Amino acid sequence: MSKTNVIFHQEEKVFHLNNGKVSYLIQIEEDGVVSHLYFGKSFESYSNHKKYPRRDRGFSGNVPGNSERAYSKDTLPQEFSSHGSMDYRIPSSIIRRESGSNLHDFRYFDYRIEDGKPELKGLPQVYTESDEEAKTLVLTLKDRDQEIYVDLIYTIYSDRPTITRSTKVRNLTANSISIEKIASMQMDLTNSGIYDEVISLPGAHVQERQLQREKINAGIKTFESRRGTTSHQMNSFIALVKHDTNEFSGPAIGLNFVYSGNHSFEIEKDQIDQLRVLIGINDYNFSWQLNSGESFQTPEVIMVYSDSGLNQMSNNYHHLLRERVARGIHKDRQRPILINNWEATYFDFTSEKIKKIVDEAANLGIEMFVLDDGWFGHRDNDNSSLGDWSEYKEKLSDGLKGVSDYVHQKGLKFGLWFEPEMISIDSKLYEQHPDYLMQEPGRSPSASRDQHLLDMGRKEVREAVETQIRKIFDTVNIDYVKWDMNRSMSDAYSIILNAQNQGETAHRYLLGVYELLENLTRDYPEILWEGCSGGGGRFDTGFLYYIPQSWTSDNTDAVERMNIQYSTSLAYPISSMTAHVSASPNHQTGRSTSLKTRGDVAMSGVFGYELDLEQLSAAEKEEIAEQVQSYQKIRPLVQYGDFIRLKSPYEGNTVAWMFVSQDQKEALLFLGRILTNAQAVFNEVKLAGLNKEFVYEDVETKEKYYGDELMTIGMYYPDFYGDYQTQMIHLRKI
Ligand code: GLA
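## Details of the site of the ligand
Now for step 1: Taken together, the neighbourhood of the ligand is formed by 13 residues, with Asp372, Asp373, Lys482, Gly535 and Asp554 sitting nearest.
Now for step 2: Contacts to the ligand include Asp484, whose side-chain N or O atom sits 3.0 Å from an oxygen atom.
Now for step 3: Calculation on the ligand without its partners gives an accessible area of 310 Å², and the protein chains cover 96% of this total.
Now for step 4: Across the shell around the ligand, the residue classes break down as 4 nonpolar, 3 polar and 6 charged.

## Some words on the pattern of salt bridges
Now for step 1: A full pass over the atoms with the stated rule returns 56 salt bridges.
Now for step 2: For Asp105, the salt bridge identified is with Lys73, shortest N-O distance 2.5 Å. Of this pair, Asp105 sits in the loop between strand 5 (93-96) and strand 6 (106-115) while Lys73 sits in the loop between strand 4 (34-41) and strand 5, placing them 32 residues apart in sequence.
Now for step 3: For Asp105, a relative accessible area of 2% corresponds to the buried category.
Now for step 4: The exposure class of Lys73 is buried, given its relative accessible area of 0%.
Now for step 5: Taken together, the shared-partner salt bridges connect Asp87, Arg89, Asp188, Asp270 and Arg276 into one network.

## Some remarks on the nonpolar core
Now for step 1: By size, the foremost hydrophobic cluster in this structure holds 172 residues, and its most contacted members are Leu255 and Trp375.
Now for step 2: Broken down by element, the residue count for this core peaks at 8 residues, all from helix 7 (residues 505-523).
Now for step 3: Apart from residues no more than four positions distant in its own chain, Leu255 is found in contact with Met185, Ser236, Phe237, Ile238, Leu240, Phe265, Val277, Ile279, Val301, Ile302, Met303 and Tyr317.
Now for step 4: Listed in part, the 21 residues of the second largest apolar core include Val660, Leu671, Tyr696 and Leu731.

## Side note on the sheet that holds strand 23 (residues 413-418)
Now for step 1: Strand order in the closed barrel formed by 8 strands is 21-22-23-26-27-28-29-30, with parallel pairing between adjacent strands. Ignoring strand direction, the axes of neighbouring strands in this sheet form an average angle of 30°.
Now for step 2: In the sheet, strand 27 (residues 528-531) pairs with strand 28 (residues 549-551) via 2 bridges, with the strands oriented parallel. What sits directly across from Glu530, in strand 28, is Gln549.
Now for step 3: Seen against the sheet, helix 9 (residues 558-568) touches strand 28 and strand 29 (577-582) and runs at an angle of roughly 170° to strand 29.

## Side note on the side chain of Arg635
Now for step 1: Checked against the element boundaries, Arg635 lands in helix 11 (residues 618-640).
Now for step 2: At 2.8 Å, the side chain of Arg635 and the side chain of Glu367 are in polar contact.
Now for step 3: Those residues in contact with Arg635 that lie beyond four places of it in its chain are Gln334, Arg335, Pro336, Ile337, Glu367 and Tyr640.

## Re the side chain of Asn19
Now for step 1: Examined against the element boundaries, Asn19 turns out to sit in the loop between strand 2 (14-18) and strand 3 (22-28).
Now for step 2: Engagement of the side chain of Asn19 in a polar contact is seen with the backbone nitrogen of Lys21, the distance being 2.9 Å.
Now for step 3: From its side chain, Asn19 meets the backbone oxygen of Arg160 in a polar contact 2.7 Å long.

## Here's the deal with the sheet that holds strand 2
Now for step 1: Taking strand neighbours across the sheet as the criterion, the 4 strands line up as 1-2-3-4 in an open arrangement whose pairing is antiparallel. Only two strands of the sheet have a single partner each, and these edge strands are strand 1 (5-9) and strand 4. Within the sheet, the average angular offset between the axes of one strand and its neighbour, ignoring direction, is 15°.
Now for step 2: Pairing analysis gives 5 bridges linking strand 2 to strand 3, with the strands arranged antiparallel. Residue pairing for strand 3: Phe15 is matched across the bridge by Ile26.

## Overview of unusual backbone geometry
Now for step 1: With omega at 0°, the peptide bond leading from Ser584 into Pro585 counts as cis.
Now for step 2: In the Ramachandran plot, Phe59 falls in the positive-phi region, its phi being about 65° despite a non-glycine side chain.
Now for step 3: Structurally, Phe59 can be placed in the loop between strand 4 and strand 5.
Now for step 4: Residue class for Phe59 comes out exposed when judged on its relative accessible area of 84%.
Now for step 5: One non-glycine residue with positive phi stands out, namely Gln664, at about 60°.

## Topic: the pairing of strand 23
Now for step 1: For strand 23, the tally of buried residues reaches 5 of 6 residues, placing the bulk of the element in the interior.
Now for step 2: As paired strands, strand 22 (residues 368-371) and strand 23 are joined by 4 bridges and run parallel to one another. Each residue of the ladder has a partner; that of Val370, found in strand 23, is Gly415.
Now for step 3: Sheet topology places strand 23 next to strand 26 (residues 480-483); 4 bridges connect them, and they run parallel. Looking across to strand 26, one finds that Phe418 is bridged to Trp483.

Parameters at a glance
Along each chain, the written sequence defines residue order, and numbers are assigned to residues from 1. Given that this is a predicted model, residues contribute local features only at a pLDDT of at least 70 and side-chain atom pairs are listed and counted only at 80 or more, while totals for whole chains, interfaces and linings are drawn from all residues. Only hydrogens and water are removed before side-chain values are computed, so all heavy atoms of the structure are retained for them. When we say a residue is near a molecule or strand, we mean one of its heavy atoms is within 4 Å of it. Any N or O atom pair separated by 3.5 Å or less is treated as a polar contact, with the protein-specific requirement of one donor-capable and one acceptor-capable atom, and with residues adjacent in sequence counted only for side-chain atom pairs. Each accessible area is a Shrake-Rupley result for a 1.4 Å probe, and residues are judged covered by the shown protein chains and nothing else. Classification convention: Asp, Glu, Lys, Arg as charged; Ala, Val, Leu, Ile, Met, Phe, Trp, Tyr, Cys, Pro as nonpolar; all other residues, Gly among them, as polar. Basic side-chain nitrogens of Lys or Arg form a salt bridge, by our definition, when they fall within 4 Å of a carboxyl oxygen of Asp or Glu. Here a helix means four or more residues in a row that DSSP labels H or I, a strand means two or more in a row labelled E, and each is numbered from the N terminus. Exposure classes here rest on a 1.4 Å probe applied to the protein chains alone. A residue is buried below 20% of its type maximum, exposed above 50%, and partly exposed in between. Within this scheme, the nonpolar core is defined by two criteria: the residues are buried Ala, Val, Leu, Ile, Met, Phe, Trp, Tyr or Cys, and they are joined through side-chain atoms within 4.5 Å. Pairs of residues are marked as contacts when any of their non-hydrogen atoms sit within 4.5 Å. Strand pairing follows a simple DSSP-based rule, namely that at least 2 bridges must link the two strands. An axis is simply a line fitted to the C-alpha atoms; with a helix, the fit covers only the stretch in contact. Between two such axes, the angle follows the N-to-C directions and lies from 0 to 180 degrees.

Next up, the structure:
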């Protein structure tokens with residue numbers, strides 16, 4: 001392990017966080033204004049030569065109480081800006097006091113350096129397994145006049161180019177204050193020339209996380225969700241890059257927010273081309289009343305620095321999220337190959353139909369059956385029964401236990417779908433507790449998919465759901481749970497909160513969901529959990545703390561999945577990305593693709609099926625049995641190997657990525673081409689991440705290659721014929 005240090009140079013008043021991979025420098029300026037000096041590649045010694053230069057700029061006024069005209073917060077790069085002392089850039093916080101004033105001026109107060117990392121209570125987070133793994137700097141600022149304190153929390157991790165950041169506000173005044181905005185982190189970058197582009201992951205339902213890369217221009221650019229969840233529309237991750245940064249070279253700073261609700265990533269390029277980056281809970285639909293003596297802890301942001309391109313950044317996220325965010329016994333275990341009945345039957349199934357699917361699945365070697373939506377209440381379509389988590393006896397004549405027992409007798413594991421945060425008007429729960437539905441009394445709420453949110457910020461509401469779920473877990477043998485959420489938040493109002501606390505509803509909702517997940521995952525540790533929100537609407541690092549995998553998208557079209565999986569891998573590990581082979585023509589796009597293409601694409605994730613096996617020909621079933629066996633051989637490599645992106649589907653007609661085992665003795669190459677033409681060019685690809693010295697053999701063709709040559713001169717794609725062609729090449733060291 002390299003040395004991880006947080007040093008305070010007393011004389012220069014500079015903090016240096018350094019672990020041999022990254023350095024972060026913070027300076028305490030005159031009068032205690034805290035400035036940002038540097039974040040990037042690690043170095044050992046700092047001589048204090050890079051103090052921020054001073055210049056008197058017109059209309060950039062001065063630091064309160066200091067008459068130095070060249071000293072202004074309007075241009076000074078800072079760690080936590082104050083609202084109202086002539087910094088006109090986007091503020092890190094808006095905190096309103098009893099007087100109605102929101103003016104603040106936060107200055108250095110104190111610091112402490114600790115081994116390890118303090119726990120963020122009730123929030124998902126990066127954890128450490130021993131205090132040697134990290135060092136934490138808590139830098140405390142205080143308002144110039146008021147007893148309002150802000151702790152800036154920085155944790156630097158051994159052997160990872162990673163720093164996490166969060167903020168805690170403490171109110172030691174005699175009165176309440178209202179937090180109307182609070183960033184988890186601020187970073188002001190002085191030389192925007194180094195980071196002149198930003199990558200984000202916008203999208204839509206069935207079109208999540210589409211890689212977008214754009215120039216950072218003057219003004220403010222925001223990437224955010226206002227939907228109460230991470231959202232399909234904008235994922236909670238961005239990367240700052242240089243225009244010529246690519247997968248293998250150039251600088252990149254990844255910023256990944258460990259939160260599953262309304263988020264906001266703001267970037268401002270200021271009047272002298274400097275960047276301010278703010279990340280936190282979105283101030284839309286948010287305020288938090290902090291009474292005297294109370295504190296508010298924000299969720300955290302994971303910053304990863306790479307000096308050699310995006311693959312290195314992603315690789316660091318993959319390791320960190322797998323090793324120190326995901327928890328529980330399944331985080332390092334090989335995940336079962338499942339079959340889910342959703343696209344096979346939708347709501348239209350019986351015990352008999354399910355048994356037939358299970359029989360077929362057992363014959364093909366599939367390892368788990370997942371019963372999706374429609375098994376509870378009287379749910380024959382999506383208009384009813386959410387909130388009533390007891391079996392639909394008329395539909396499942398054998399009962400849930402009967403189905404589970406049957407599945408287990410056939411040698412498969414059994415999984416079950418839930419949507420715990422929802423209520424249908426047509427449900428017993430609504431009949432008994434109409435007030436559990438989140439709405440402002442007297443104002444009719446907005447339905448979506450004919451369903452409504454439960455107010456998960458209320459303990460009794462959570463308990464009503466939790467009791468029902470526990471009853472099923474205690475009576476039916478369940479190996480896996482799919483935790484779904486099929487609408488965005490509206491009508492954010494909680495009947496248990498006072499008028500001045502209503503702005504807390506959305507955040508309290510999420511804290512309630514996290515608490516419920518924490519309780520259930522703790523008490524049923526054997527269950528494998530999969531997150532879902534209409535596919536990938538809540539695919540984020542916060543949820544990964546409770547559940548190790550997530551349904552990547554309701555879009556199972558193999559061609560569109562290449563794009564979705566490619567860009568999801570920027571921030572999230574392959575072990576978190578579930579991918580299923582579904583019917584052709586595809587139900588979302590109407591596109592026909594071969595079973596091979598669908599298999600190859602889905603095998604690049606946590607693999608499974610989602611189609612009616614009974615409808616398939618004998619030849620197709622045989623092919624599926626082979627796919628299952630192939631995946632079992634490559635599963636550890638795919639789920640826990642290093643993933644490398646080689647060719648982007650966003651840039652051309654071909655796609656390539658690969659997986660390499662930690663010891664480099666095994667690799668798997670995925671090649672894809674979207675459209676063909678009669679005189680198709682010969683495509684080539686150079687591999688990466690192999691050992692130069694090793695000789696590899698193609699497991700199937702027995703052809704031999706030197707690692708060196710594969711990475712230097714590369715290989716040709718197969719001479720594909722037709723659209724939507726793919727190939728997997730499995731290499732092993734000989
Ligand atoms: C969501 C999920 C699907 C399926 C349906 C059931 O859309 O993403 O996989 O579970 O709900 O209603």
